[in-house]
Structure formats: C-alpha cells, structure tokens
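Residues per chain, in single letters:
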Amino acid sequence: MLSIEIHKRFVSKRREVNIDYSVSINSSVTTALYGKSGVGKSSVLRMIAGLETPESGNIVFNDEQWFSSTEKINIPIAKRKLGFVFQDYNLFPNMTVAGNLKYASENGKIPERISGLLNSAGLASLMDAYPDELSGGQRQRIALLRALCQEPELLLLDEPFSALDDEAIAELIKEIKRIQESLNTTIIVVSHRKDVIFKMADYVVHLKPNGEVEHGKPEDTLERDF
Amino acid sequence: MDYTPFLVTFKLAVFTTLILFIIAIPISYFLAFSKWKGKIILESILMLPIILPPTVLGFYYLSYLGPESAVGAFFEDTFGISFAFSFEGILLGSVIYCTPFMLSPMMNGFRTIPRNIVESTYLLKKSRWNALWHVLLPNMKRSIWSAVLLTFAHTIGEFGLVLMIGGKMQETNVASVAIYDEMNSLNYDVANNYAIVLLCISFVLIVALNLITRNNRSTIA
Amino acid sequence: MKHLLLFIGGLFFFAACTGEKSASEEQKSIQIAVAANMQFAMDSIAILFENEHGTGCEVSANSSGMLTAQIEKGAPFDVFVSANMRYPKKLVESGFGELPEVYAYGRLAVVYKKGKTYNSVEEVLASDKVKRIAIADAKTAPYGMAAKEYLKNSELFEEYKDKIVYGESIGQVNQYLTTGAVDAAFTSYSFIAKFGDKYNFLEADSDYFSTIEQGVLILKNGKEKHPEESRKFVEFLKSDACKDVLTHFGYRIK
C-alpha cells in the first residue's frame, strides 16, 4: 500500500504547477495515474521515486516512511525498493542488453525470474544487441525488465507508451500484465491516454487541477470517449 | 638539426593534457551537475584564460608565483622548485592556460547526456563514482577526445606565455619559442624546418579532431 | 580501451624520460645571458671556452634590458654579458651580482642593402629608397639607446622619425634587415662581420652618443652554483684569445 500526501508549488514551462494531492494506491495491482497535461502527475511519480522532493507532506510505502516533512525524513533513492522506467532514454547506449541487465543486477547476475520473463517475451535473442539496434518497443520492454533486476516491490512507469506506435504499445501492455501476474509487483503508470489505461490498469487515480482526486476502476472514473 | 625543442614541446603537451584530464573530470562533473548558485562565478573564473591575453596571465603569474614572490620563494626554499624559467614553471602556466580547453568540452559532454540516463543510474542505486565510470564517461567519448585533442594542440601552439614564464632556457625551449629565437639569430633554415614540422603536426591534430567530432552513431555526447 | 590506456601510459613514460639532463651534464655547463649584439661573437667564444676549460656554455640571447628583467625575476643564469654597464650596475643594486667589468666597447653601424651607395647617415635616412629603418627599442636595448641618442644629437630624429621601426632587440633588428622588412637599420658592427658581403654600411659617429661600454657580471646564481666556472669565463672573456675574436667582430678593446 502506498499512501502519499504531498504539496509542492513550482513553475514548469512557464506554467505554475500546484501539487496538492492525497492519494492511496493498492499493492499488487496496476494503477494508472491520469490527469490533464500540466496537472503534475509526472512530478508526483518522481517524488515517489525520490528524484524530486515535496515541499511538505509524507510518503509511506508498505509501512515504510519514505518521506515526512514533519519528522524530517527523506529516504534517498538508493534505499527505496523501487524500479523506474522513463518515456525514453532508459537503456545505457554503451552496453548491450545483457550488459544493461547485468549492471542493474546485484553482483552482476541477472535474476532467474528476469531471464525467464525475457525468454517468454521472446527477447532472449537480443542479449548481445546494443540499444540503438533495437526498436522503440523492444527498448521499452527491456527497460521494464531492467527495472526489475533488483526485484523491487514498486514499479513506476512515467509515460512509457508515449514514444511508441500501436503495435509496440500492445506488446508493452502484454509485458506489464505478464510481470504483474508472475511477480505481483505494485505498478504505477503515468499516462494521459485513456485507451491504454482502459486496456491495462486495474485502478485509476485521476488527478484534477483543483486538487480533487478520483480513485476507482477505469470505467468508474474515466469517460469512455475515445 | 637539433630536435630538443620538439621533445620539450611534446613533453609539455603530454604532461599538461594528462594533468588537466585528471583534474578536469571532477571539476566538470561538479559544474555540470551541481545546483550551487555560485557555480557561474567559478565557471567564469576557470574559463578566463580563453579570453585573457597570455601576457596578462604571464604578468600575474610572474608577480605572484615567480621566485621573487611569497609563494614562489616558499616553494624554492622548501622544495627547490622554481616556478619561473623552469619546466615546472611552464607546465604550471600551461595547465592554467589550457584549463578551459579541457573543461569546456567535458562539461558539455556531461550536460548532453540525457537526463533520464543520469537519473537511471540513481534509480539503479549506483554510487556517483560507479555511474561516472560505467555510464557517464563511456557515453561522452567524443567530448573526451575533443577535450584531449584541443588541450594537446593548444599546448603545442603556446608561445607568449611560455616565453614570459620560461624565458629561453634549455628546458623551456619549446618549438614555438625556438622558431622565434632562431629567426632572431638569423638562422632561417632552422626556423623553417621547425615551422614545417609544427605545421604538419598541427594539421594532423586538426584532421583528427574533425574526424572525431563528426556525427558518430555509437555515442550520445 | 585497455590498449588505449597502455599507449597513453607509454607516451607518458617516454615523455617523462626525455629532456632530462643528467646531473653530470648539468655541472659541466654554465648558463650565460648574452646581449643580442654579442650573439655572433659568443658562438665562437663559447666553442673556444669549452675547448680550453671543458665547460660548456648554454647561451640565451635577448636584449640586455629583457635579460635584466628575467634575472630579477629569478632566471637561473650564471653570467650576464651585457651591452652596457647600466644594466649590470642595476643588478648589483638589486643584489643579483657584484663587480661588473667592461670587456669591450661597441660600435654602432648604419647598414643598408647593396645597390646604391650613400656617403652619410643623413643621406641614407633621406633617400626615397629607404622607406623604413629599424633601430632597437631604446627602452631595453643599449644599442637602441645609442641609436636614438645619435639621431637626436645629430638632429635627424624629428625629421625622419616616421621612417623608424622598433625591434625588440638587435637580434630582431637584424632579422628585419635580412628579411627585407626594413631597408636600413642601426645595428652593431658584429652584423657586418657576419653579413658584410651583402650589405653596405657607415659607422655612426661616436661623438654623437655616449660610449657603449659593454659590461660582464657574475650573477648571484653563478656565484652560488658555479663559482669556479663563472669566474673562469669572465677571465676568459678578458683574455687575448677573446680580444682577437671581439676585434674581428668589430668591437673595440681599449
């Protein structure tokens, strides 16, 4: 269970962003973080990860206090058991797929479960390829697996579909579902695409510009207007 | 023909480049990633030698580091090292003068690496040192080569500063100064030989630099 | 990557080894700061000195003023062979040497390319074919001071000052002359001794400028590090063998 209550106000791209949300996210399910452009959903995700710091509030994951402004706690990224996937530029260009995975793993040994997932995804043949030899979709799926190499309990995905075409999106969704089933990870996905959310999320947290947060199943919280 | 000026020039270039390479990595890393507000001032000071006339640099160098200055005298009395009219002296002067040429491409190299890549290293729980060595530096090879070649080439081309700090001693007689000296001694043949060799070396370096900074698919920066 | 590091390591090692003088080599030579006009004579003197005493001479030539500035900034010369007595005396005052001695008297010549022949310095300056005439910078070169003095006292300076080009030292003046950058120049007689076949010259009347008393000085560094050799060199400079060389190069020994 991830519960956060965060406040932050800043200027981004000449727009003032006001983040003032209280959110609860269930474990072991896939939750989408949805909202209009500029509402601050990426920032929220980054604050959960520790890449950014809230001005005030707290973040608790599975009873662990990751951040508390009142108690002056701010656990560094390295100590938060999470994995993260960006929209692009995840994989390190100077290493092969195998290199990336080994680098991300403890002691340079890729966990068996990840190798297993790699195989079932049909990506094992790409082990010796460099990132620039892969398609966008392949890169994202490998990035996803790399994020799991340290066996985190929480997986954060920041607009992972934005740079992909429909076919690649479908593959990635399949991958996420496969991971959810076999590893039972808590997954949070930031996305602005309702159609994708409907296909892959168990729950949706809808952030609204006025600070309201709607939480529930996709069909309950989002209009099916695509 | 006496080739020692080329040996001195070569030695100066190699040592300057090596020293600057080692100290520029942490400094450029800091300047590229730190959020310290005073960064701009520090960066400007370090970049100053690009614009400053070498004679200004030479003047202040001799005044504050020369054997007759407080610092210079201390070093001479304690360690027997003189910062003027010696190889150590022109090496120090050269390091100061070429700092921007090593620092600037490296800083740019660090800054051009996509932020997501850098943040991925934090998220993978890697120490800064580990990330620097395994991810950052390998992904800015072009910038590193630029920095090294520029610094090396710039050292070879130094004249005014070396002349002021080093005089025309045997151990400070770099090729550029030697040409000047031979011309003033009316040994035009020798000067011509020196000049041609320097021209060729400079040309090779420029070609290398251009080849390396062309768009290369395997590196980002 | 590894090969690259090895290559660089090798370069580094190689660079470190070159250019290092062995200790014994260093002991066997002295560093002499020589006024530019004495450069040609010093070539011969250095060889003779080494043959007779076994000690080599590392010669660094420049204008006397610049050498003085370097010495005062700590340049490690042992002996200063100047073009005047003023700079050596200045060094004595600032504690860089003792007892300067005169070793020769300089002569000033006006030199121009063969072709037309002029009968007086004024003719040279006035000629249409002489567009630029070089003298050494009076601020740092004794021969430049002498040339300027000569021109002022013979009342030629004001009229022809637009034709005057200043060289850093006699060395640079000579360079301007031989590369054709200037058509004429005030230089030391030693130039003629070396290049007399290509140039004509006139002697500048010594009544119009202060005598060029060329002084030699053992420097503080020489006294501390190479006292024997430095003293021997100064003695040698005053010896008959050197007097012959100096006379050949146009200096006067009174």
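Residue positions are given per chain, counting from 1 as you read along its sequence in written order. Chains and ligands are labelled sequentially in the order written, the chains with letters from A and the ligands with numbers from 1. With pLDDT at 70 or above as the cut-off, local features in this predicted model cover only qualifying residues; side-chain atom pairs require 80 or more to be listed or tallied, and sums for whole chains, interfaces and linings still use all residues.

Caption draft 1: Structural detail: the overall build of chain B. Helix and strand assignments come from DSSP, with helices taken as H or I runs of at least 4 residues and strands as E runs of at least 2, each series counted from the N terminus. A tally of regular secondary structure across chain B gives 11 helices and 0 strands. When its helices and strands are written in sequence order, chain B yields α-α-α-α-α-α-α-α-α-α-α. Taking the principal axes of the C-alpha coordinates as reference, chain B spans close to 65 × 40 × 30 Å. In this scheme every C-beta is placed from the backbone, and a residue whose C-beta has 20 or more other C-beta atoms within 10 Å is buried, one with 12 or fewer is exposed, and one in between is partly exposed. Out of the 221 residues in chain B, the part that is buried amounts to 45%. For the purpose of contact definition, each residue receives a C-beta atom placed from its backbone, and two residues are in contact when these atoms lie within 7 Å. Considering only intrachain contacts with a sequence separation of at least 6, the fraction spanning at least 24 residues in chain B is 75%.

Caption draft 2: Representation of the overall build of chain C. Of regular secondary structure, chain C possesses 13 helices and 10 strands. Its C-alpha atoms put chain C at 70 × 50 × 35 Å along the principal axes.

Caption draft 3: Representation of the interface of chain B and chain C within the structure. Every contact between the two is made by 24 residues of chain B and, on the other side, 21 residues of chain C. Mapped by element, the contributors of at least two residues to the side of chain B that touches chain C are helix 1 (4-33) and helix 10 (175-184) of chain B. In terms of residue count, helix 1 of chain B provides more of the side of chain B that touches chain C than any other element does, 8 residues in total. Residue polarity is assigned by list, with Asp, Glu, Lys and Arg as charged and Ala, Val, Leu, Ile, Met, Phe, Trp, Tyr, Cys and Pro as nonpolar; anything else, Gly included, falls into the polar class. Broken down by class, the residue content of the side of chain B that touches chain C amounts to 13 nonpolar, 7 polar and 4 charged.

Caption draft 4: Looking closely at the interface of chain B and chain A. Contact residues are listed per partner, giving 15 residues for chain B and 16 residues for chain A. Breaking the side of chain B that touches chain A down by element, the ones donating at least two residues are helix 6 (115-123) and helix 7 (128-136) of chain B. The element best represented in the side of chain B that touches chain A is helix 6 of chain B, accounting for 6 residues. Of the residues in the side of chain B that touches chain A, the class split is 8 nonpolar, 4 polar and 3 charged.

Caption draft 5: Quick look at the environment of B:Ser82. Topologically, B:Ser82 is positioned in the loop between helix 4 (70-79) and helix 5 (87-112). Residues B:Ser82 and B:Met183, 101 residues apart in the sequence, show an inter-C-alpha distance of 28 Å. Contacts of B:Ser82, omitting those with residues within four sequence positions, involve B:Pro67, B:Glu76, B:Gly89 and C:Gly74.

Caption draft 6: Highlighting the domain arrangement of chain C. All names here are of chain C. Here chain C is partitioned into domain 1 (19-105 + 212-248) and domain 2 (108-208). Domain limits in this description derive from either an automatic procedure or a database domain assignment. Each of domain 1 and domain 2 has a C-alpha centre, and these two points are 27 Å apart. Looking at the side of domain 1 that touches domain 2 residue by residue, the classes come out as 7 nonpolar, 8 polar and no charged.

Caption draft 7: Up close: the sheet that holds strand 8 (residues 184-188) of chain C. Residues and elements named next belong to chain C. Two strands qualify as a pair provided DSSP detects at least 2 bridges between them. Read from one edge to the other, the open sheet built from 5 strands follows the order 7-6-8-5-9, with strand pairing classed as mixed. What marks the edges here is a single partner per strand, and that holds for strand 7 (164-167) and strand 9 (199-203). Direction aside, neighbouring strands of the sheet carry axes that sit 35° apart on average. Judged from the 2 bridges that link them, strand 6 (residues 133-136) and strand 8 form a sheet pairing that is parallel. Looking at strand 8, one finds that Ile-133 is bridged to Ala-184. Helix axes are fitted only over the stretch in contact, all axes being lines through C-alpha atoms; the angle between N-to-C directions runs from 0 to 180 degrees. Helix 7 (residues 142-153) rests against strand 5 (108-113), strand 6 and strand 8 of the sheet, and its axis sits at about 125° to strand 6. Against the sheet, helix 9 (residues 170-178) touches strand 5, strand 6, strand 7 and strand 8, its axis set at about 145° to strand 8.

Caption draft 8: Expanded view of the arrangement of the chains. Most contacts, when the 2 pairs of chains in contact are compared, are made between chains B and C. As for chain C relative to chain A, no contact occurs, and the smallest C-alpha gap between them is 13 Å.

Caption draft 9: Seen up close, the nonpolar core. Counting residues in hydrophobic clusters, the biggest one holds 195 residues, and the most contacted among them are A:Leu33, A:Leu156, C:Val79, C:Phe80 and C:Ala185. Top element by residues in this core is helix 5 of chain B. It accounts for 13 residues. Other than its neighbours up to four places away in sequence, A:Leu33 contacts A:Lys41, A:Val44, A:Leu45, A:Ile188, A:Val189, A:Val190, A:Val205 and A:Leu207. A set of buried residues drawn from Ala, Val, Leu, Ile, Met, Phe, Trp, Tyr and Cys, joined through C-beta atoms within 7 Å, is what defines a nonpolar core.

Caption draft 10: Just the pairing of strand 9 (residues 186-190) of chain A, in detail. Residue and element names in this part refer to chain A. In terms of burial, strand 9 is a largely internal element, 5 of the 5 residues being buried. Here strand 9 shows two buried faces, one formed by Thr-186, Ile-188 and Val-190 and the other by Ile-187 and Val-189. Pairing geometry for strand 3 (residues 30-35) and strand 9, over 4 bridges, is parallel. Residue pairing across strands places Thr-30 opposite Ile-187, the latter belonging to strand 9. Direction of pairing for strand 8 (residues 154-158) relative to strand 9: parallel, over a ladder of 5 bridges. When the bridges of strand 9 are listed, Leu-156 appears paired with Ile-188. In terms of handedness, the path from strand 8 via helix 5 (residues 166-183) over to strand 9 forms a crossover that is right-handed. If you view a crossover with the strands going away from you and the path from the first strand over the helix to the second runs clockwise, you call it right-handed.

Caption draft 11: Fine view of the sheet that holds strand 1 (residues 2-12) of chain A. Residue and element names in this part refer to chain A. Taken in spatial order, the 5 strands make up an open sheet running 2-1-4-5-6, and their pairing is antiparallel. One side of each edge strand has no neighbouring strand; the edge strands of this open sheet are strand 2 (15-25) and strand 6 (73-74). As defined by bridge partners, strand 5 (residues 64-68) adjoins strand 6 across 2 bridges and the pair is classed as antiparallel. Bridge pairing in strand 6 places Phe-67 opposite Asn-74.

Caption draft 12: Main features of helix 5 of chain B. Residue and element names in this part refer to chain B. What a helix is expected to span follows from its residue count: subtract one and scale by 1.5 Å. The terminal C-alpha atoms of helix 5 lie 37 Å apart, and with 26 residues this matches the ideal 38 Å at 1.5 Å per residue to within 8%. Axes are fitted to the seven residues ending at a residue and to the seven starting at it; the angle between these axes is taken as the bend at that residue. Along its length, helix 5 shows its largest kink, about 50°, at Cys-98, and proline Pro-100 lies within four residues downstream of that point. The buried count for helix 5 comes to 21 of 26 residues, which makes it a mostly enclosed element.

Caption draft 13: Structural view of the packing of helix 3 (residues 112-120) of chain A against helix 5 of chain A. All names here are of chain A. Interhelical geometry of helix 3 versus helix 5 gives an angle of 145° and a closest axis separation of 11 Å. Here helix 3 and helix 5 pass one another in a crossing that is right-handed. Along its contact with helix 3, which presents Arg-113, Leu-117 and Ser-120, the element helix 5 presents Arg-178, Ile-179, Ser-182 and Leu-183. Here the residues of the contact of helix 3 with helix 5 sort into 3 nonpolar, 2 polar and 2 charged. Here a crossing is called left-handed whenever its near helix is offset anticlockwise from the far helix by less than a right angle, and right-handed whenever the offset is clockwise.

Caption draft 14: Region of the structure containing the confidence of the model for chain C. Residue and element names in this part refer to chain C. Every residue is assigned a pLDDT by the predictor, reflecting its confidence on a scale from 0 to 100. Summarising the model, chain C shows a mean pLDDT of 90, and 93% of its residues fall at 70 or more. Considering only residues more than four positions removed or in separate chains, one finds that residues 21-25, a stretch of pLDDT under 50, has 1 contact. Overall fold confidence for the complex sits at a pTM of 0.84, while the interface term, ipTM, reaches 0.92.

Caption draft 15: Here's a closer look at the confidence of the model for chain B. Taken residue by residue, chain B gives an average pLDDT of 91. The fraction at 70 or more is 97%. Within chain B, helix 4 of chain B has the poorest average pLDDT of any element, 87, and helix 6 of chain B the best, 96.

Caption draft 16: Focus on the environment of A:Thr185. Residue and element names in this part refer to chain A. Here Thr-185 shows up in the loop between helix 5 and strand 9. Residue Thr-185 is classed as buried on the basis of its C-beta count, with 21 C-beta atoms lying within 10 Å. Every residue in contact with Thr-185, bar those within four places of it in the chain, is listed here: Glu-153, Leu-154, Leu-155, Ile-179 and Gln-180.

Caption draft 17: Structural view of unusual backbone geometry. Residues and elements named next belong to chain A. If you check the backbone angles, Ser-28 has positive phi at about 60° while not being a glycine. Overall, Ser-28 belongs to the partly exposed group, with 13 C-beta atoms counted inside 10 Å. A positive phi angle is found at Asn-184, which is not glycine, with a value near 60°. Along the chain, the position of Asn-184 falls in the loop between helix 5 and strand 9. Taking the C-beta count within 10 Å as the criterion, Asn-184 has 12 such neighbours and is therefore assigned exposed.

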